[in-house]
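# Understanding the architecture of this molecule
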Amino acid sequence: MSEKSWAEIDRWFIDALEPRDEVLEAALRTSEAAGLPPYQVSAAQGRMLFSMARMVRARTILEVGTLGGYSTIWLARALPEGGRLITCEADPKHAAVARENLARARLSHVVELREGRAQETLPRLRDEGRRFDFAFIDADKPSNAEYFDLALAMATPGAAIVVDNVVRRGAVIDADNADPNIEGVRRLRERVRNEVRVHATVVQTVGEKGHDGFLLAVMR
Ligand code: SAH
Ligand code: DHB
Ligand code: MG
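Residues numbered from 1 in each chain as written. Chains lettered and ligands numbered in written order. Predicted model: local features only at pLDDT ≥ 70, side-chain atom pairs only at ≥ 80, totals over all residues. Heavy atoms only, no water.

Right, let's talk about the nonpolar core for a bit. Counting 31 residues, the largest nonpolar core has Leu 49 and Phe 134 as the members making the most contacts within it. Mapped by element, the contributors of at least two residues to this core are α2 (22-33), α3 (43-55), α4 (70-76), β4 (132-137), β5 (155-163) and β7 (212-219). Once you skip the residues sitting within four places of it in the chain, Phe 134 turns out to touch Leu 49, Met 52, Ala 53, Val 56, Ala 58, Thr 60, Ile 61, Leu 62, Leu 75, Ala 160 and Val 162. Among the nonpolar cores identified, the runner-up in size contains 30 residues, and Leu 125, Met 154, Ala 155 and Val 166 belong to it. (Core = buried A, V, L, I, M, F, W, Y, C linked by side-chain atoms within 4.5 Å. Buried < 20%, exposed > 50% of the residue type's maximum accessible area, 1.4 Å probe, protein only. Helix = DSSP H or I, 4+ residues; strand = E, 2+ residues; numbered from the N terminus. Contact = heavy atoms within 4.5 Å.)

Taken together, the neighbourhood of ligand 1 is formed by 23 residues, with Gly 65, Glu 89, His 94, Ala 118 and Asp 138 sitting nearest. A distance of 3.4 Å is found between an oxygen atom of ligand 1 and a backbone nitrogen or oxygen belonging to Leu 67. Contributing elements (two or more residues each) for the shell around ligand 1: α4, β2 (84-89) and α6 (118-127). (Near = heavy atom within 4 Å. Polar contact = N/O pair within 3.5 Å; in protein donor to acceptor, adjacent residues only side chain to side chain.)

Notably, Leu 67 is not glycine yet its phi reads approximately 50°, a positive angle. Within the element layout of this structure, Leu 67 appears in the loop between β1 (60-64) and α4. Here Leu 67 falls in the buried class, since its relative accessible area comes to 13%. Phi angles above zero are rare outside glycine, and Arg 106 is one such case at about 55°. Turning to its location among the elements, Arg 106 is positioned in the loop between α5 (92-104) and β3 (111-115).

Before going further, it helps to spend a moment on α2. Taking 1.5 Å of rise per residue, 12 residues should cover 16 Å, and α2 covers 16 Å from first to last C-alpha, within 8% of that figure. Buried residues of α2: Val 23, Leu 24, Ala 26, Ala 27, Thr 30 and Ser 31, and no others. Down the axis of α2, the buried set is contained in an arc of 160°. They therefore lie on one face. For α2, the exposed residues set more than 90 degrees away from the buried face come down to Glu 32 and Ala 33. For α2, the secondary structure elements touched by its buried residues are α4 and α5. Where α2 begins, the capping side chain belongs to Asp 21, and its oxygen is found 3.0 Å from the backbone nitrogen of Val 23. Two residues or fewer past α2, Gly 35 is found with a positive phi of approximately 85°. (Expected span 1.5 Å × (residues − 1). Arc of directions from axis to C-beta.)

Following this line, the structure appears as structure tokens:
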């Protein structure tokens, strides 16, 4: 089956399952108009992140890699009253667009956007004693293993950690591919190997974003 059909099937279901959402659509339009790369999760994946955050009854969420805040909006909407989400973004231009999108979504009071490299932000959050029930790691792929470690250090019992883009159209098992993003996924796999604190699996996805996947780890 072709990638075009995967995208059509995504749209066919989402048309029926999701009411049109002006806030999410405006976030996509604003991000595109500002020249941000179209790296956000699909609508179907956004709903999946929302659902997983609900399933673990997350009250605190960590996101690494905000871009224009599209996945941030999905995740923040999964929170109960009084819940909080902290999202990390290194690019000031992306952060500015995200702030605008989060304000339009009326989520500015729920979301704390920490501007700066996550390599510095996450150890600071850990040292502040922060704890998270759900983490979505979706920034620079070479740092995946490092972010996973830090998310694990801040995870509450039963917390879920999701890492985006771990399949990359299968490139991850192509031994000749030395792309640093792919190497980052391979290092993550080695990091999770025999990690006794989590149950981990891969969720391969096809759809609007082609063939890709999430690593899903749940704290024992
Ligand atoms: N989660 C978003 C997409 C994120 S794209 C969504 O699905 O809607 C990846 C983002 O990570 C980009 O905005 C990029 O600027 C940011 N990023 C890259 N390296 C980073 C780093 N070291 N620290 C924090 N953010 C980083
Ligand atoms: C791309 C997709 C992503 O989900 C991401 O986080 C980074 C890059 C891409 O399509 O290249
Ligand atoms: Mg991604």
